[in-house]
Amino acid sequence: SSGYSSSWNTSEDNTDFLTVHRAASDPDTSDQSSRSRSTSPYATPRGYNFDMVTLQHLFRDRYPKAIEQMECRLKAFQQELGLHEAAGHKDAAVNFVATQLQSLTKDLLEKIDGNMVTIDVFQLIADTLGQLHQDNIRRGATDETLRLVRKLLLQMSVIIARPAGLLE
């Protein structure tokens, strides 16, 4: 017999038991036993194995959905950038950034199709976005240009944020 009741519930007595048990077994949290606890199923006593299993479960559950959502958003963003390029903005810096983002978007979509998306891919994109922003600041772009460039860069950052965060 495992010693665990099949009718385990989160009554106050059980929560107290878990808090006391965790405090006794984890010296780092012994002074935090009065801290309020979340009722989330992922906020139960934590140990290395529990954390790893939980993180693996969350990753398996959420990452494919996040990639699918990112793919849809990238396709919409790619169309928006295509329309932007077709309209031809009067500012060359904005056109350059739009072209670079078009290329990044295309590359990322290809990596998604090939199931080759890694944290390194997201890091490279983040570095490129930062570099594009810094280049426009260094070149003394106008306030309007910087506003438009930031808007485009922020859109791309928001699109990749969730799957990148899940991979970290």
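Here's a quick rundown of the structure. (Residues numbered from 1 in each chain as written. Predicted model: local features only at pLDDT ≥ 70, side-chain atom pairs only at ≥ 80, totals over all residues. Heavy atoms only, no water.)

## Overview of the overall build of the protein
- Of the regular secondary structure elements, the protein holds five helices and zero strands.
- Secondary structure of the protein in N-to-C order comes out as α-α-α-α-α.
- If you sum the accessible surface of the protein, you get close to 11,500 Å²; carbon and sulfur atoms cover 53% of it. (Helix = DSSP H or I, 4+ residues; strand = E, 2+ residues; numbered from the N terminus. Areas by Shrake-Rupley, 256 points an atom, 1.4 Å probe, with all protein chains shown as cover.)

## What to know about the packing of helix H3 (residues 92–113) against helix H5 (residues 143–167)
- One way to put it is that H3 packs onto H5 with a least axis distance of 9 Å and a crossing angle of 10°. Judged by the inter-axis angle, H3 sits roughly parallel to H5. Of the residues in H5, those touching H3 at Ala93, Val94, Val97, Ala98, Leu101, Leu104, Thr105 and Leu108 are Thr145, Leu148, Val149, Leu152, Leu153, Met156 and Ile160.
- Class assignment of the residues belonging to the contact of H3 with H5 gives a composition of 13 nonpolar, two polar and no charged. (Axes fitted to C-alpha atoms, helices over the stretch in contact; angles between N-to-C directions. Parallel < 35°, antiparallel > 145°, perpendicular 65-115°, else oblique. Contact = heavy atoms within 4.5 Å. Nonpolar A, V, L, I, M, F, W, Y, C, P; charged D, E, K, R; others polar.)

## Re the pattern of salt bridges
- Across all of its chains, the model carries five salt bridges by this definition.
- The partner of Glu144 in a salt bridge is Arg147, and the shortest N-O contact between them spans 2.7 Å. Here Glu144 pairs with Arg147, and both are found in helix H5, just three residues apart, close to one helical turn.
- The class for Glu144 is partly exposed, based on a relative accessible area of 44%. (Salt bridge = Lys/Arg side-chain N within 4 Å of Asp/Glu carboxyl O. Buried < 20%, exposed > 50% of the residue type's maximum accessible area, 1.4 Å probe, protein only.)

## Description of unusual backbone geometry
- In this structure, Asn115 takes a positive phi of about 55° despite not being glycine.
- Since its relative accessible area comes to 72%, Asn115 is described here as exposed.

## Here's the deal with H3
- In this model, H3 (22 residues) spans 32 Å end to end at C-alpha, consistent with the 32 Å of a helix rising 1.5 Å per residue.
- Looking at H3, one finds that the buried residues are Val94, Val97, Ala98, Leu101, Gln102, Leu104, Thr105, Leu108, Leu109 and Ile112.
- Two or three places before Ala93, at the start of H3, stands the capping residue Asp91, its side-chain oxygen 2.9 Å from that residue's backbone nitrogen.
- Backbone geometry just downstream of H3 places Asn115 in the positive-phi region, at approximately 55°. (Expected span 1.5 Å × (residues − 1). Polar contact = N/O pair within 3.5 Å; in protein donor to acceptor, adjacent residues only side chain to side chain.)

## Some points on the environment of Ala66
- Checked against the element boundaries, Ala66 lands in helix H2 (residues 48–87).
- Assessed through its relative accessible area of 1%, Ala66 is described here as buried.
- Here the alpha-carbon distance between Ala66 and Ile160, two residues 94 residues apart in the chain, equals 9.1 Å.
- Sequence-distant contacts of Ala66, defined by excluding residues within four places in its chain, comprise Arg162, Pro163 and Leu166.

## Topic: the nonpolar core
- Residues Met70, Leu101 and Leu108 are the most contacted members of the largest nonpolar core, which totals 28 residues.
- Broken down by secondary-structure element, the contributors of at least two residues to this core are H2, H3, helix H4 (119–138) and H5.
- The contact partners of Leu101, leaving out residues within four places of it in the chain, are Phe77, Leu81, Leu129, Leu152, Leu153 and Met156. (Core = buried A, V, L, I, M, F, W, Y, C linked by side-chain atoms within 4.5 Å.)

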